[in-house]
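Residues per chain, in single letters:
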Amino acid sequence: MPAAPDPTAPSAGAASPASTVRWWTVPRWWTPRQWAAAGIAFTATVLLVGIPTAVIPNPAFGRAVEPTWWSLPVLLVTGVLGGLLLATYVRPDGPARDADSSDGTPGDATAADESVDRPAKWGTVGGFLAYFAIGCPVCNKLVLIALGSSGALTWFAPVQPLLALASIVVLAVALRARLRGSLACPVVPVPAPADVVEGESPRG
């Protein structure tokens, strides 16, 4: 009598477990190690961006123009997205993935590095955009050199909300790329959907 099919193996013509998992649900299966990394990265991002821009009041930095009403929400969203993005680089049981995941050839290693680093570069760009977006428009030396104090208020300040939106979009795109990539090359084991294992007879 033939053996019953393996309940963990996808049947012919059926979608693989990873293909049935949506990318935005991947963090549901993160380990405490990854969530701890996300929390630490969130705190670090909020402090590193919020203290120099004086959105978080502190004795070391001040600003000539008060923060806008949207500065704190943008700072918090930046922290959340940045924290989640960093957590995608943390393995559940060890350090971040390196180039040894390729087959060892230099070309493959370079391609893998570029693929992994692209979202990281986007994340860095998003962080800088958030810094310029919520910073004091007349306290930024680069803006003052380029536009002067009156130009900073007339031309740069109105653009800051667009920079804030751009920072959130860039960070969200980078996070989406990392989460989608984790389904193709999972760092976290993707659980099999219930409908794959239900209805199958046990081995006998």
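What counts, and at which threshold
- Residues numbered from 1 in each chain as written.
- Predicted model: local features only at pLDDT ≥ 70, side-chain atom pairs only at ≥ 80, totals over all residues.
- Heavy atoms only, no water.
- Helix = DSSP H or I, 4+ residues; strand = E, 2+ residues; numbered from the N terminus.
- Buried < 20%, exposed > 50% of the residue type's maximum accessible area, 1.4 Å probe, protein only.
- Contact = heavy atoms within 4.5 Å.
- Areas by Shrake-Rupley, 256 points an atom, 1.4 Å probe, with all protein chains shown as cover.
- Patch = residues over 30% accessible without salt bridge, like charges linked within 9 Å, V, L, I, M, F, W, Y side chains within 5 Å.
- Salt bridge = Lys/Arg side-chain N within 4 Å of Asp/Glu carboxyl O.
- Axes fitted to C-alpha atoms, helices over the stretch in contact; angles between N-to-C directions.
- Parallel < 35°, antiparallel > 145°, perpendicular 65-115°, else oblique.
- Left-handed = near helix turned anticlockwise from the far one by under 90°.
- pLDDT = per-residue confidence, 0-100.
- 1 Å grid on protein atoms, 1.4 Å probe; cavity = no way out; pocket = protein on both sides within 12 Å on 5 of 7 lines; lining within 4 Å.
- Points joined across faces, edges and corners; volume = space filled by probe spheres on them.
- Phe/Tyr/Trp six-rings, centres within 6.5 Å; stacked < 30°, edge-to-face > 60°.
- Lys NZ or Arg CZ within 6 Å of the ring centre and 35° of its normal.
- Polar contact = N/O pair within 3.5 Å; in protein donor to acceptor, adjacent residues only side chain to side chain.
- Core = buried A, V, L, I, M, F, W, Y, C linked by side-chain atoms within 4.5 Å.

Comments concerning the overall build of the protein
Then, in step 1: Within the protein, the secondary structure is distributed over 6 helices and 0 strands.
Then, in step 2: For the protein, the α and β elements follow one another from N to C terminus as α-α-α-α-α-α.
Then, in step 3: When burial is assessed residue by residue, the protein has 33% of its 204 residues classed as buried.
Then, in step 4: Nonlocal contacts in the protein, meaning residues at least 24 apart in sequence, comprise 77% of its contacts between residues at least 6 apart.
Then, in step 5: For the protein, the accessible surface area stands at approximately 12,200 Å², while carbon and sulfur atoms represent 67% of it.

Some thoughts on a nonpolar patch on the surface
Then, in step 1: Taken together, the side chains of Trp122, Leu165, Val169 and Val173 present a nonpolar region at the surface, about 350 Å² in accessible area.
Then, in step 2: The leading source of residues in the nonpolar patch is helix 5 (residues 160-184), at 3 residues.
Then, in step 3: Looking at where Leu165 falls in the secondary structure, it is placed in helix 5.

Thoughts on the packing of helix 1 (residues 32-50) against helix 2 (residues 71-87)
Then, in step 1: Helix 2 packs onto helix 1 with a crossing angle of 140° between their chain directions and a minimal axis gap of 7 Å. What the angle tells us is that helix 1 and helix 2 run oblique. Considering only the axes of helix 1 and helix 2, their crossing is right-handed. Of the residues in helix 2, those touching helix 1 at Gln34, Trp35, Ala37, Ala38, Ala41, Phe42, Thr45, Val46, Val49 and Gly50 are Leu75, Leu76, Thr78, Gly79, Val80, Gly82, Gly83, Leu84, Leu86 and Ala87.

Remarks on unusual backbone geometry
Then, in step 1: Even without glycine at this site, Ala54 takes up a positive phi of about 60°.
Then, in step 2: Note that Ala54 resides in the loop between helix 1 and helix 2.

Description of the confidence of the model for the protein
Then, in step 1: Of the residues in the protein, 70% have a pLDDT of 70 or more, and the chain-wide mean is 78.
Then, in step 2: A low-confidence stretch, residues 4-17 (pLDDT under 50), is modelled with 16 contacts involving residues beyond four sequence positions or located in other chains.
Then, in step 3: Taken together, the stretch residues 98-110 has pLDDT below 50 and engages in 5 contacts with residues farther than four places along the chain or on a different chain.

Some details on the layout of surface pockets
Then, in step 1: Of the voids in this model, the second largest pocket is the one considered here, and its volume is about 340 Å³.
Then, in step 2: Residue lining of the second largest pocket: 17 residues in total, with Thr45, Gly82, Gly123, Thr124 and Gly127 positioned closest to the centre.
Then, in step 3: Counting residues per element, the ones that place at least two in the lining of the second largest pocket are helix 1, helix 2 and helix 3 (106-134).

Points about the packing of aromatic side chains
Then, in step 1: Scanning the entire structure with this criterion turns up 2 aromatic pairs.
Then, in step 2: With a centroid separation of 5.7 Å and an interplanar angle of 85°, the aromatic rings of Tyr131 and Phe132 are classed as edge-to-face.
Then, in step 3: A cation sits over an aromatic face here: Arg178 above Tyr89, 3.8 Å from the ring centre.

Here we look at the side chain of Asn140
Then, in step 1: Inspection of the secondary structure puts Asn140 in the loop between helix 3 and helix 4 (141-156).
Then, in step 2: Side-chain polar atoms of Asn140 contact the backbone nitrogen of Leu142, separated by 3.0 Å.

Here we look at the nonpolar core
Then, in step 1: Ranked by size, the top nonpolar core spans 15 residues in total, and within it Trp70, Val74, Leu75, Ala133, Ile134 and Ala164 carry the most contacts.
Then, in step 2: Elements that contribute at least two residues to this core include exactly helix 1, helix 2, helix 3, helix 4 and helix 5.
Then, in step 3: Per-element tally for this core: the top contributor is helix 4, with 3 residues.
Then, in step 4: In this structure, Ala133 is in contact with Trp70, Gln160, Leu163 and Ala164, ignoring residues within four places of it in sequence.

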